[in-house]
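Coordinate analysis (summary)
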Amino acid sequence: MSTIRHLTNIKDLTDLEFQTLVFKAQEFKKTFKEGNAEDFAANNKKLLGRTGALLFSKRSTRTRISNEGALSFFGCKPMFLGKDDIQLGVNESFYDSIKVISSMTSCIMARVNKNSEIQELVKHSSVPIINCLCDMYHPLQAICDLLTILEKYGVDNLKNLTLCWIGDANNVINDLMFACLKFGISVKIATPSDIKMDETLAKEAAELAKKNGCVFECNHDAKYSATGSDILVTDTFISMGEEWQKTAKLKQFEGFQINDEIAALAKPDYTFMHCLPRHTEEVSDSVFYDEKHSIVFQEAENRLYAAMATLDVFVNNKGDFNK
Ligand code: CP
Ligand code: NVA
């Protein structure tokens, strides 16, 4: 049986493992910002002469840039394999592709459609798999988001916070909720009445909240959830691959835009976050570009440090969180 550690989602990490990734990301950022990055990189070419595959079947700005940057930081050549670049899915089976790609690279960073594809990769790959988004999870985003929250509030204040999610019930929140709960941050989720969180995940999240002494709540009332919250978060209402459902989904999400009216219900010093890419239907310009509250571009930049921390643990240190 393989002993390789893969990053498939946040819930399957222990609280301590997840916290380690976030603190490591914070350290990488400090190194970069303090101007020691070149020295640090010179001493950390742990993957020099090797290649990291980015197997992406969907578009990306942040995930591609941050992962290519992080691989380069460790001396590893990023190899971007988009859906039109290789034989995968057209002329070659997924199994054959995984065997071949993993035989020639040090890791596979995969953006795929289904979580089952991530599971297939994990089953057959001889190198670590980093889930770069599937329908169920987006773990790199959650590491970055907790780094951003940590920077904003400080480690000692996290347990008093409530994060309010107003949006869809899929990849980003499925990891973000476990990420928050692992730091003792309460989570209130509002989805439209006909969109429900995955029952198994919600049950597991409720148990984790109980263990860590915080609150986990799912409802269908955006105003109720926003009330008194510290952090407001949303994501696109039309995820990649759902474009054909646009009209129906926009109707489902009526009343769920985070705008001045919703923001006024949160704490006066609330913070707004969004993984990007962003559209006006889920958040108004007035909230998104409000520099007093919105930290969306700091959040986007933090994807780089989340990628560095992830590669360091899963590839450089072969899944050893104590190194
Ligand atoms: N947040 C995020 O994953 O952005 P990209 O789709 O641009 O990678
Ligand atoms: N839920 C979005 C996240 C994009 C980063 C999507 O899957 O398209």
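Residues numbered from 1 in each chain as written. Chains lettered and ligands numbered in written order. Predicted model: local features only at pLDDT ≥ 70, side-chain atom pairs only at ≥ 80, totals over all residues.

An unreviewed UniProt entry lists the protein chain under the name ornithine carbamoyltransferase, from Hanseniaspora guilliermondii. Note on the protein chain: under the UniProt heading Sequence similarities (unreviewed entry), the record states "Belongs to the aspartate/ornithine carbamoyltransferase superfamily. OTCase family." In its Pathway (unreviewed entry) section, UniProt records this for the protein chain: "Amino-acid biosynthesis; L-arginine biosynthesis; L-arginine from L-ornithine and carbamoyl phosphate: step 1/3." (UniProt positions renumbered as here; feature names shortened; annotations may be inferred.)

**A look at the overall build of the protein chain**
Looking only at helices and strands, one finds 13 helices and nine strands in the protein chain. For a compact globule of 323 residues, the expected C-alpha radius of gyration is about 20 Å, and the protein chain comes in at 19 Å, within 12% of that figure. The buried share of the protein chain, taken over its 323 residues, is 45%. If you take every contact in the protein chain between residues at least 6 apart in sequence, the share linking residues at least 24 apart comes to 76%. (Helix = DSSP H or I, 4+ residues; strand = E, 2+ residues; numbered from the N terminus. Rg over C-alpha atoms; globule rule 2.2 N^0.38 Å. Buried ≥ 20, exposed ≤ 12 C-beta atoms within 10 Å, placed from the backbone. Contact = placed C-beta atoms within 7 Å.)

**Overview of the sheet that holds strand β3 (residues 107-111)**
The strand order β2-β1-β3-β4 describes an open sheet built from four strands, whose pairing is parallel. The sheet is open, and its two edges are formed by β2 (77-82) and β4 (129-131), each paired on a single side. Neighbouring strand axes in the sheet, compared pairwise and without regard to direction, differ in orientation by 20 degrees on average. Across six bridges, strand β1 (residues 51-56) lies against β2 in parallel orientation. Each bridged residue has a counterpart across the sheet, and for leucine 55 the counterpart in β2 is leucine 81. Across the face of the sheet, helix α5 (residues 115-124) comes into contact with β3 and β4 while running at roughly 165 degrees to β4. (Pairing = 2+ DSSP bridges. Axes fitted to C-alpha atoms, helices over the stretch in contact; angles between N-to-C directions.)

**Some points on the domain arrangement of the protein chain**
We note that the domain assignment places domain 1 (15-137) and domain 2 (141-300) within the protein chain. Taking only C-alpha atoms into account, the centre of domain 1 sits 26 Å from that of domain 2. Tallying the contact residues gives 17 residues for domain 1 and 16 residues for domain 2. Of all the elements, helix α1 (residues 15-33) adds the most residues to the side of domain 1 that touches domain 2, at seven residues. Residue composition of the side of domain 1 that touches domain 2, by class: eight nonpolar, four polar and five charged. (Domains from an automatic or database assignment. Nonpolar A, V, L, I, M, F, W, Y, C, P; charged D, E, K, R; others polar.)

**What to know about the site of ligand 1**
Around ligand 1, the neighbouring residues are Ser60, Thr61, Arg62, Thr63, Leu133, Gln141, Cys275, Leu276 and Pro277. Split by residue class, the shell around ligand 1 holds four nonpolar, four polar and one charged. Viewed by domain, the shell around ligand 1 spans two of them, domain 1 (15-137) and domain 2 (141-300), each represented by three or more residues. (Near = placed C-beta within 6 Å.)

**Regarding the UniProt feature "domain: Aspartate/ornithine carbamoyltransferase Asp/Orn-binding" (unreviewed entry) in the protein chain**
Per the UniProt entry, the sites bearing "domain: Aspartate/ornithine carbamoyltransferase Asp/Orn-binding" (unreviewed entry) are residues 159-312 in this numbering. With 40% helix and 14% strand, residues 159-312 has its two end C-alpha atoms placed 27 Å apart.

**Some thoughts on the environment of alanine 53**
Checked against the element boundaries, alanine 53 lands in strand β1. For alanine 53, a count of 22 C-beta atoms within 10 Å translates into the label buried. In this structure the C-alpha to C-alpha distance between alanine 53 and alanine 300, which are 247 residues apart in sequence, comes to 22 Å.

**A closer look at unusual backbone geometry**
A cis amide bond, omega 5 degrees, links leucine 276 with the succeeding residue proline 277. With respect to the secondary-structure elements, proline 277 resides in the loop between β9 (271-274) and α12 (285-288). Even without a glycine there, the phi angle at leucine 133 is positive, about 120 degrees. Along the polypeptide, leucine 133 turns up in the loop between β4 and α6 (139-153). C-beta crowding within 10 Å serves as the criterion here: with 25 such atoms nearby, leucine 133 is assigned to the buried category. In the Ramachandran plot, leucine 276 falls in the positive-phi region, its phi being about 65 degrees despite a non-glycine side chain. Secondary-structure assignment places leucine 276 in the loop between β9 and α12. Exposure remark for leucine 276: the 16 C-beta atoms within 10 Å place this residue in the partly exposed category.

**Digging into the nonpolar core**
Ranked by size, the top nonpolar core spans 94 residues in total, and within it Ala25, Ile108, Ile143, Leu181, Leu232 and Met308 carry the most contacts. Ranked by residue count, the leading element in this core is helix α13 (residues 296-316), at 11 residues. When residues of this core are assigned to domains, at least three map to each of domain 1 (15-137) and domain 2 (141-300). Beyond its immediate stretch of four places on either side in the chain, isoleucine 108 contacts Ala53, Leu55, Ile101, Ser102, Leu121, Ser125, Val127 and Ile129. (Core = buried A, V, L, I, M, F, W, Y, C linked by C-beta atoms within 7 Å.)

**Quick notes on α6**
If you check α6, its first and last C-alpha atoms are 21 Å apart, about what 15 residues at 1.5 Å a residue would give, namely 21 Å. The element α6 is extensively covered by neighbouring structure, given that 11 of its 15 residues are classed as buried. Where α6 is concerned, the buried positions are Pro139, Leu140, Gln141, Ala142, Ile143, Cys144, Asp145, Leu146, Leu147, Thr148 and Ile149. Glycine 154 sits one or two positions beyond α6 and adopts a positive phi of about 85 degrees. (Expected span 1.5 Å × (residues − 1).)

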